[in-house]
Every structure is written in C-alpha cells, then in structure tokens.
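Observations on the model geometry
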Amino acid sequence: MRVRSIAGAAVASVLAADGGLHTFWAVSGSPWPAHDHRTLSAGLLDMQVPFTPAVLVPLAVLLFGGAALVAARAGLLGAVGRRLPRWLPYLATLAVTGGTAVRVAAGFGWLVTADPASTFFRLNLAVYTPLCLLLAAAGLVLLRREHRDPVPATPGWAPSR
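Before going into details, it helps to say that this report is about the structure given with it.

Rules used in this analysis
- Residues numbered from 1 in each chain as written.
- Predicted model: local features only at pLDDT ≥ 70, side-chain atom pairs only at ≥ 80, totals over all residues.
- Heavy atoms only, no water.
- Helix = DSSP H or I, 4+ residues; strand = E, 2+ residues; numbered from the N terminus.
- Buried < 20%, exposed > 50% of the residue type's maximum accessible area, 1.4 Å probe, protein only.
- Contact = heavy atoms within 4.5 Å.
- Areas by Shrake-Rupley, 256 points an atom, 1.4 Å probe, with all protein chains shown as cover.
- Polar contact = N/O pair within 3.5 Å; in protein donor to acceptor, adjacent residues only side chain to side chain.
- Phe/Tyr/Trp six-rings, centres within 6.5 Å; stacked < 30°, edge-to-face > 60°.
- Expected span 1.5 Å × (residues − 1).
- Bend = angle between axes of the 7 residues up to and from the residue.

Within the protein, the secondary structure is distributed over six helices and zero strands. Starting at the N terminus, the α and β elements of the protein follow one another as α-α-α-α-α-α. Here the protein holds 161 residues, and 33% of them are scored as buried. Pairs at least 24 residues apart make up 62% of the contacts formed inside the protein by residues separated by at least 6 positions. Total accessible area on the protein stands at roughly 10100 Å², and carbon and sulfur atoms take up 71% of it.

So this is what it looks like as structure tokens:
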C-alpha cells in the first residue's frame with residue numbers, strides 16, 4: 001500500500017470515527033465514556049459546551065464529509081472519487097490539515113496553561129495533541145502533488161520560454 005493511501009486511510013478513519021462519536025452522542029444523549037455531560041465536556045474541551053443534537057449533528061456531518069473528501073484525495077473512493085472536481089477534495093484536505101495543525105499549536109499552549117491535575121491536561125498530552133500531529137503530517141502527505149498527476153493540456157498552447 002502506498003504512503004498516500006495509508007495517510008488518507010488514517011485521516012479518513014479518525015474523522016469518520018469522530019463523526020460516529022458525535023452521532024452517537026446526538027442520537028443517544030449518552031455522555032459515554034464519561035458519567036455525565038459536564039465531565040465529558042471538561043475532558044474533551046476543558047470548558048462547558050452543550051452536547052445537544054443542534055451542536056453535534058452539524059459537527060458529525062462536517063466530520064463525515066471531511067472523511068469522504070480526504071479519502072477521495074487519497075484515491076480511496078475509486079470512480080466515485082474521480083467524479084468529484086479535483087479542487088474539492090484538495091480544499092477539504094487543506095482544511096483538515098490546517099485545522100489539525102492549529103489544534104497541535106493550541107495543544108502545546110494548553111500544556112502550559114491547563115491544570116496539570118485535570119483529565120483534559122492528561123488527555124491533551126497523551127492523545128489529542130499527538131493524534132492531531134500525526135493527522136497534520138498525514139494531511140501534508142496528501143497535499144503534495146503526485147508526480148503522476150496529469151497536467152491538463154490545452155490544444156495549441158505551449159508554455160513560453
């Protein structure tokens with residue numbers, strides 16, 4: 001399996017799994033894996049936010065859409081992916097890569113500002129920031145132009161020298 005395929009599968013899988021969690025929370029109302037929504041919010045975000053369908057469903061849609069478009073950029077969707085305009089998977093991959101890179105920078109900032117005794121601090125240090133660093137790196141792999149990507153030719157046109 002090529003590096004681009006592995007990178008695309010990794011990013012798409014994480015985004016889809018996160019979309020699945022958001023869907024689960026929206027449909028079930030469960031705060032799993034926490035005991036209550038307050039604890040879940042503190043552990044995930046270090047602040048209190050509502051875990052309501054109005055908040056969770058749009059996030060899930062974005063995550064699933066991002067997963068599909070990143071998979072298309074990696075060439076994992078076959079004919080379906082090739083039907084999309086090439087700029088769409090590229091821009092989605094750029095957004096995911098940029099977003100995870102910003103999350104990495106924020107994660108390093110939180111290592112200085114968050115309470116070291118909090119669940120969020122431990123999860124940020126052990127899971128969130130390292131995972132986002134890997135996703136950003138994988139996104140960079142996907143953003144590189146493949147050498148075999150065809151350069152569109154215009155009949156009768158030649159580049160000037």
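There is more to say, and it comes next.
By the element assignment, S118 lies in the loop between α5 (87–113) and α6 (119–143). Engagement of the side chain of S118 in a polar contact is seen with the backbone oxygen of D115, the distance being 2.7 Å.

What follows deals with the environment of L142. Tracing the backbone shows L142 in helix α6. For L142, a relative accessible area of 0% puts it in the buried group. In this structure, the C-alpha to C-alpha distance between L142 and L94, residues 48 residues apart in sequence, is 8.9 Å. The contact partners of L142, leaving out residues within four places of it in the chain, are R4, A7, G8, V70, R73, A74 and T93.

The next subject is the packing of aromatic side chains. In the structure shown here, the tally under the stated rule is four aromatic pairs. Between F120 and Y128, the ring centres sit 6.2 Å apart and the planes meet at 40 degrees, which makes this aromatic pair tilted. According to the relative accessible area criterion, Y128 is buried, its value standing at 16%. Connected via pairs of aromatic rings, a cluster forms that spans W110, F120 and Y128.

What follows concerns α6. With 25 residues, α6 extends 34 Å from end C-alpha to end C-alpha; this agrees with the ideal 36 Å at 1.5 Å per step. At L125, α6 shows its strongest bend, of approximately 45 degrees. Turning to α6, its buried residues number three or more, namely F120, F121, N124, Y128, T129, C132, L135, A136, A138, G139, L142 and L143. Residues of α6 that are buried sit in contact with α1 (3–28), α2 (37–45), α3 (53–73) and α5.

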